[in-house]
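Okay, here's what each chain looks like letter by letter:
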Number of protein chains: 2
Amino acid sequence: MSLLVVGTVAFDTIETPFGKADMALGGSGTYISVSASYFIKDINLISIIGYDFPEKELEFLKSKNVDISGIEKIKDKKTFYWHGKYHFDMNSRDTLVTDLNVLTVFNPNVPEKFRKPDYLCLGNIDPTIQKALIEQVEKPKLVMCDTMNFWIESMKPQLLETLKLVDILLINDSEARELTGDYNLVTAAKSIMAMGPKIVVIKKGENGALLFKDNYVFFAPAFPLEKVFDPTGAGDTFAGGFMGWIAKTNDYSVQNMKLAMIYGSAMASLVVEEFSVDNLRNLTEDKIMARFKEFKSLTEF
Amino acid sequence: MSLLVVGTVAFDTIETPFGKADMALGGSGTYISVSASYFIKDINLISIIGYDFPEKELEFLKSKNVDISGIEKIKDKKTFYWHGKYHFDMNSRDTLVTDLNVLTVFNPNVPEKFRKPDYLCLGNIDPTIQKALIEQVEKPKLVMCDTMNFWIESMKPQLLETLKLVDILLINDSEARELTGDYNLVTAAKSIMAMGPKIVVIKKGENGALLFKDNYVFFAPAFPLEKVFDPTGAGDTFAGGFMGWIAKTNDYSVQNMKLAMIYGSAMASLVVEEFSVDNLRNLTEDKIMARFKEFKSLTEF
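As a starting point, this report considers the structure included with it. (Residues numbered from 1 in each chain as written. Chains lettered and ligands numbered in written order. Predicted model: local features only at pLDDT ≥ 70, side-chain atom pairs only at ≥ 80, totals over all residues. Heavy atoms only, no water.)

## Describing the overall build of chain A
Here is step 1 of the chain: In terms of helices and strands, chain A carries 10 helices and 14 strands.
Here is step 2 of the chain: Compactness check: chain A gives a C-alpha radius of gyration of 18 Å against a globular reference of 19 Å for 301 residues, within 12% of the reference.
Here is step 3 of the chain: Seen through its C-alpha atoms, chain A measures out along the principal axes to roughly 55 × 40 × 35 Å.
Here is step 4 of the chain: Burial statistics for chain A: of 301 residues in total, 60% are counted as buried.
Here is step 5 of the chain: If you take every contact in chain A between residues at least 6 apart in sequence, the share linking residues at least 24 apart comes to 63%.
Here is step 6 of the chain: Side-chain charges in chain A split into 33 positive and 40 negative, and the spacing between the mean points of these groups amounts to 4 Å. (Helix = DSSP H or I, 4+ residues; strand = E, 2+ residues; numbered from the N terminus. Rg over C-alpha atoms; globule rule 2.2 N^0.38 Å. Buried < 20%, exposed > 50% of the residue type's maximum accessible area, 1.4 Å probe, protein only. Contact = heavy atoms within 4.5 Å. Lys, Arg positive; Asp, Glu negative; His and termini not counted. Charge placed at Lys NZ, Arg CZ, Asp CG, Glu CD.)

## Details of the relation of the copies chain A and chain B
Here is step 1 of the chain: Expressed as a screw operation, the relation of chain A to chain B combines 0.0 Å of axial shift with a rotation of 180°, fitting to an RMSD of 0.0 Å. Classification of the inter-copy transformation places it as that of a two-fold axis. Taking C-alpha positions as reference, the residue of chain A nearest the rotation axis is asparagine 207 of chain A, located at 3.0 Å.
Here is step 2 of the chain: With an isologous cut-off of 70% or more, the 100% of interface residues of chain A that recur at the interface of chain B puts this contact in the isologous class. (Least-squares fit on C-alpha atoms with pLDDT ≥ 70 in both.)

## Some remarks on the sheet that holds strand S7 (residues 81–86) of chain B
Residues and elements named next belong to chain B.
Here is step 1 of the chain: Strand order in the open sheet formed by 4 strands is S3-S2-S7-S8, with mixed pairing between adjacent strands. Two strands bound the open sheet, and with one partner strand each, they are strand S3 (19–26) and strand S8 (93–99). Strand-to-strand, the axes of this sheet are offset by a mean angle of 15°, without reference to chain direction.
Here is step 2 of the chain: Where S7 meets S8, 6 bridges bridge the pair, whose relative direction is antiparallel. Across the sheet, glycine 84 pairs through a bridge with threonine 95, a residue of S8. (Pairing = 2+ DSSP bridges. Axes fitted to C-alpha atoms, helices over the stretch in contact; angles between N-to-C directions.)

## Some details on the interface of chain A and chain B
Here is step 1 of the chain: Every contact between the two is made by 33 residues of chain A and, on the other side, 33 residues of chain B.
Here is step 2 of the chain: The three residues of chain A that bury the most area against chain B are Tyr183, Glu226 and Phe301 of chain A, which together make up 28% of that side's buried surface.
Here is step 3 of the chain: Scanning the region where chain A abuts chain B turns up 2 salt bridges.
Here is step 4 of the chain: In this structure, lysine 190 of chain A and glutamate 226 of chain B form a salt bridge, with 2.5 Å as the shortest nitrogen-oxygen distance.
Here is step 5 of the chain: Broken down by element, the side of chain A that touches chain B gets its largest block of residues, 6 residues, from helix H10 (residues 285–299) of chain A. (Buried area = accessible area lost by both parts, 1.4 Å probe. Salt bridge = Lys/Arg side-chain N within 4 Å of Asp/Glu carboxyl O.)

## A closer look at the packing of aromatic side chains
Here is step 1 of the chain: Enumeration over the complete set of coordinates arrives at 27 aromatic pairs over all chains.
Here is step 2 of the chain: Between phenylalanine 39 of chain B and tryptophan 245 of chain B, the ring centres sit 6.5 Å apart and the planes meet at 85°, which makes this aromatic pair edge-to-face. Of this pair, phenylalanine 39 of chain B sits in the loop between helix H1 (28–36) and strand S4 (42–50) while tryptophan 245 of chain B is found in helix H8 (residues 234–249), placing the two residues 206 residues apart along the sequence. In this pair, the class of phenylalanine 39 of chain B matches that of tryptophan 245 of chain B, namely buried.
Here is step 3 of the chain: Taking the centre distance of 4.9 Å and the plane angle of 80° together, the rings of phenylalanine 150 of chain B and tryptophan 151 of chain B count as edge-to-face.
Here is step 4 of the chain: The class for phenylalanine 150 of chain B is partly exposed, based on a relative accessible area of 47%.
Here is step 5 of the chain: Ring pairing ties together the aromatic residues Phe39, Trp245, Tyr263 and Phe292 of chain A together with Phe301 of chain B, which thus form one cluster.
Here is step 6 of the chain: The cationic tip of arginine 281 of chain A hangs over the ring face of phenylalanine 60 of chain A; the distance from NZ or CZ to the ring centre is 4.4 Å.
Here is step 7 of the chain: A cation over an aromatic ring shows up here: arginine 291 of chain A above the ring of phenylalanine 223 of chain A, its NZ or CZ 4.7 Å from the ring centre. (Phe/Tyr/Trp six-rings, centres within 6.5 Å; stacked < 30°, edge-to-face > 60°. Lys NZ or Arg CZ within 6 Å of the ring centre and 35° of its normal.)

## Points about the sheet that holds strand S3 (residues 19–26) of chain A
All names here are of chain A.
Here is step 1 of the chain: Here 4 strands make up an open sheet; going across it, the order is S3-S2-S7-S8 and the pairing mixed. Looking at strand neighbours, the two that pair on one side only are S3 and strand S8 (93–99), the edges of this open sheet. Adjacent strand axes in the sheet meet at a mean angle of 15° when their direction is disregarded.
Here is step 2 of the chain: Looking at chain direction, strand S2 (residues 10–16) and S3 are connected through 6 bridges and run antiparallel. Within S3, the position partnered with aspartate 12 by the bridge is alanine 24.

## Details of the pattern of salt bridges
Opposite charge on two side chains permits them to pair, given that their charged atoms come into close proximity.
Residues and elements named next belong to chain A.
Here is step 1 of the chain: Tallied over the entire structure, the rule returns 30 salt bridges over all chains.
Here is step 2 of the chain: Glutamate 138 serves as the salt-bridge partner of lysine 116, at 3.9 Å between the closest nitrogen and oxygen. With lysine 116 in the loop between S8 and strand S9 (119–122) and glutamate 138 in the loop between helix H3 (127–136) and strand S10 (142–146), this residue pair connects regions lying 22 residues apart in the sequence.
Here is step 3 of the chain: Residue classification places lysine 116 among the exposed positions, given a relative accessible area of 61%.
Here is step 4 of the chain: Measuring nitrogen to oxygen at the nearest pair gives 3.3 Å for the salt bridge that ties aspartate 278 to arginine 281.
Here is step 5 of the chain: If you follow the salt bridges from partner to partner, you end up with Lys56, Glu57, Asp278 and Arg281 in one network.

Geometry only, nothing functional implied.
In structure tokens:
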């Protein structure tokens with residue numbers, strides 16, 4: 001099965017109470033693709049980079065079976081850059097710098113060979129671009145879409161149009177509240193389902209994630225770690241693990257989505273143990289399965 | 001099996017975004033005992049009330065098989081009174097009034113007939129009183145103890161002495177952080193285990209609860225409810241369900257404590273659906289089992 005991923009490929013400078021990573025590999029497209037690569041081998045990434053993006057990181061993506069021919073390179077602009085600093089609690093952060101750079105001209109055209117994806121995962125980007133992408137491909141079996149408070153605040157009408165075409169919305173708790181005006185997550189999820197998505201996954205960071213479909217709810221905890229080194233990309237890594245598992249099994253029943261929630265959570269719990277995507281560079285299936293089993297032990301009664 | 005409970009019996013005035021309850025039945029001893037009463041029939045409550053406490057609420061406790069002969073009545077003082085107001089998010093609250101009243105003379109003497117409890121549950125009270133109580137009884141099979149930030153801040157040395165005699169400490173996340181000076185809950189739990197308790201249960205409110213023993217961790221989610229009416233007493237209700245289940249089964253293996261965590265969480269999820277202890281007044285076993293099964297469905301994969 002093939003997974004088409006759309007998202008950013010970026011440089012991140014990350015400060016946490018445990019140290020600093022300068023110009024590290026980041027971006028939603030990167031985290032989603034690399035996480036999914038541990039489940040499937042047919043991953044196509046649509047993104048954009050600048051003249052300053054190093055060849056060796058493109059090689060890294062290729063080594064993970066990510067087809068990078070959909071990554072556009074802009075000769076006179078720099079790669080998207082984000083600099084953030086996490087607070088002591090590791091749950092909140094300040095954005096110190098956001099240089100959009102190439103993102104100002106991101107208007108992707110899906111290459112012909114990517115136009116029949118089995119599964120589509122839209123990272124957090126401008127909802128009008130998300131919609132244009134959905135319309136460029138033959139209807140996939142499942143479309144997952146992420147978003148953020150910035151789009152809810154600045155482009156809500158456009159976001160609502162996009163949501164009509166989406167099967168699963170991935171959103172964090174405060175964003176779900178902002179999108180619906182409803183503090184209660186159960187009723188907020190119901191409001192979102194009325195906007196289009198049949199399934200809503202609400203991410204609660206260190207407090208896990210909830211999946212809603214009709215009146216059914218499933219909860220996946222976050223793994224209680226002794227060391228959370230860098231939470232950057234945890235949500236995207238979750239999305240990559242989730243969609244990677246769904247694509248690998250080609251089964252989007254609710255029963256199988258529970259496993260996707262756990263695999264997504266397992267991948268997210270692994271990525272935060274190191275800076276950037278470092279812990280996903282040389283992960284083994286054994287490590288992933290060991291973490292999966294730890295989730296079983298954590299919640300089974 | 002018998003459960004000895006020590007805690008307050010109080011009047012609460014509670015304001016939430018959904019309404020107000022005036023002079024409602026409250027107190028940790030009340031919530032713990034009533035919750036446990038759905039599991040066992042031999043419950044002995046040590047507490048103190050004032051001249052203004054209504055006979056009908058004592059009758060209510062008796063109707064739940066709570067032996068109230070350990071509740072001291074003070075003729076010239078009023079019952080402990082608390083008035084709180086919850087914020088819109090229902091997770092944070094302001095205390096508007098705390099009238100200690102009878103609590104200023106609370107120095108309980110365990111009646112002779114209560115001195116051989118199988119299980120002991122110490123609600124959140126002055127740690128020197130908790131310690132005196134443990135020393136008054138023949139060593140129970142398991143001693144559970146709750147505490148709060150007030151005692152951590154004002155009586156830490158005394159609290160540390162009490163913890164040496166306790167098997168399970170029940171504490172919320174911010175209090176665990178305050179007690180240990182460690183933000184990470186996994187390492188905070190390890191620090192607490194080094195203080196005496198073999199088991200630490202960290203309550204995270206609407207984000208569930210974690211049980212730690214040695215290197216083992218179990219997680220019980222909070223139930224995602226459409227309606228949280230009044231969170232008062234949720235932690236005490238959890239404690240009552242937990243210890244009620246342990247006492248009913250007379251099994252304090254880790255395996256059985258997982259079930260205790262779920263029964264505790266089920267009882268807590270039920271009590272918050274109404275004001276005060278109202279939803280625990282006429283609960284049925286069917287309702288508890290239905291909620292227990294909903295927890296299975298929520299987390300099983």
